[in-house]
Amino acid sequence: MGEPAHDAAWRAARHTVWNCMLDAARVTMYAEMRGKHYRVLHGTVRTVLLLSATASATAVLDTALGDASLGNVWRLVPNVLIAATVVIDYVADFGTKIAALNLAKRTSQRLVEKDWRRLWDDIDGGAATVEEIQSRNDALLHQLHEATGPMDEHVTVNDKANVLSTERAYKVMVAQYAAQ
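Residues numbered from 1 in each chain as written. Predicted model: local features only at pLDDT ≥ 70, side-chain atom pairs only at ≥ 80, totals over all residues. Heavy atoms only, no water.

## Thoughts on the pattern of salt bridges
Between side chains of opposite charge, a pair can form as their charged atoms come close. Tallying each qualifying case throughout the model produces nine salt bridges. The partner of D124 in a salt bridge is R14, and the shortest N-O contact between them spans 3.0 Å. Of the two residues, D124 is situated in helix α3 (residues 94-124) and R14 in helix α1 (residues 8-64); the sequence distance between them amounts to 110 residues. Among the charged side chains, a salt-bridge network with shared partners connects R110, D115 and R118. (Salt bridge = Lys/Arg side-chain N within 4 Å of Asp/Glu carboxyl O. Helix = DSSP H or I, 4+ residues; strand = E, 2+ residues; numbered from the N terminus.)

Below, the structure is given as structure tokens:
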């Protein structure tokens, strides 16, 4: 089997694995960042809906008790706010986005921390052939693409979060693997 460190095909396979690990780490951080963003938006919409419903219930009680202290226009505001909030919640579909991001995050994190890590260790230990490296890497990429498919379908790309998650992933991965 020759010295793998000097084999160009082996170095190219190792480089490919590194780039795939880095991309999976980026996906993990991107999905985490975007998931937090959508959870905050979802919580805000639900809070507004709760407050609007409470105000609407108060207006109904006010009317039922015959107290006309609230003007007709002010009784309409909570109802309009409820309707607008429900439409926003329905159109934005935060629950689907959060679920897709969680799936992408969990899967990519597992792939980086366990599966690609194991492959990387096998590469560095000389225990894997170029064909095995490529085959295992392709299988891991397939799993990553399966997990990120729903995210790609339901979540629009945020360029700023993408750049930031790429920078963070690179720093984390270099720090983690430079120690070896």
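## A few points about α3
The terminal C-alpha atoms of α3 lie 42 Å apart, and with 31 residues this matches the ideal 45 Å at 1.5 Å per residue to within 8%. After α3 finishes, the residue G126 shows a positive phi value of roughly 75 degrees. (Expected span 1.5 Å × (residues − 1).)

## What about unusual backbone geometry?
Positive phi values are uncommon outside glycine, yet D93 reaches one of about 50 degrees. Along the chain, the position of D93 falls in the loop between α2 (72-92) and α3.

## Regarding the packing of aromatic side chains
Using the criterion set out here, one finds four aromatic pairs in the structure. Judged by centre distance (5.7 Å) and plane angle (50 degrees), the ring pair of W18 and W120 falls under tilted. Here W18 is found in helix α1, whereas its partner W120 is found in helix α3, with 102 residues between them in sequence. Neither residue differs from the other here; W18 and W120 are each classed as buried. (Phe/Tyr/Trp six-rings, centres within 6.5 Å; stacked < 30°, edge-to-face > 60°. Buried < 20%, exposed > 50% of the residue type's maximum accessible area, 1.4 Å probe, protein only.)

## So, the nonpolar core
The biggest cluster of nonpolar side chains holds 37 residues, and the ones touching the most others in it are V17, M21, W116, I133, M151 and M173. Broken down by secondary-structure element, the contributors of at least two residues to this core are α1, α3, α4 (130-154) and α5 (159-178). Among the elements that line this core, the one with the most residues is α1, at 14 residues. Those residues in contact with M151, other than ones at most four positions away along the chain, are V27, Y30, A31, A100, L101 and A104. (Core = buried A, V, L, I, M, F, W, Y, C linked by side-chain atoms within 4.5 Å. Contact = heavy atoms within 4.5 Å.)

## Observations regarding the confidence of the model for the chain
For the chain, per-residue confidence averages 87 on the pLDDT scale, and residues scoring 70 or more make up 83% of the total. Predicted confidence in the chain is weakest over α2, with a mean pLDDT of 78, and strongest over α4, with 97. (pLDDT = per-residue confidence, 0-100.)

## Here we look at the packing of α3 against α4
Taken N-terminus to C-terminus, the directions of α3 and α4 make an angle of 170 degrees; their axes are 8 Å apart at the nearest point. Taken together, α3 and α4 sit at an angle that is classed as roughly antiparallel. (Axes fitted to C-alpha atoms, helices over the stretch in contact; angles between N-to-C directions. Parallel < 35°, antiparallel > 145°, perpendicular 65-115°, else oblique.)

## What about α5?
Over its 20 residues, α5 runs 28 Å from end to end, which matches the ideal 28 Å to within 8%, given 1.5 Å per residue. Along α5, the residues that are buried comprise A161, S165, A169, M173 and Y177. Down the axis, α5 shows its buried residues gathered within 95 degrees of arc, on one side only. Seen from the buried face of α5, the exposed residues on the opposite side, beyond 90 degrees, are K160, K171, A175 and A178. Backbone nitrogen of K160 and a side-chain oxygen of the N-cap are separated by 3.1 Å at the start of α5; the cap is N158. (Arc of directions from axis to C-beta. Polar contact = N/O pair within 3.5 Å; in protein donor to acceptor, adjacent residues only side chain to side chain.)

## A closer look at the packing of α3 against α5
Where α3 contacts α5, the axes come no closer than 14 Å and their chain directions differ by 50 degrees. Classified by the angle their axes make, α3 and α5 are oblique. Remark: the crossing between α3 and α5 carries right-handed chirality. For the pair formed by α3 and α5, the contact residues are V112, R117 and W120 on the first element and M173, Q176 and Y177 on the second. (Left-handed = near helix turned anticlockwise from the far one by under 90°.)

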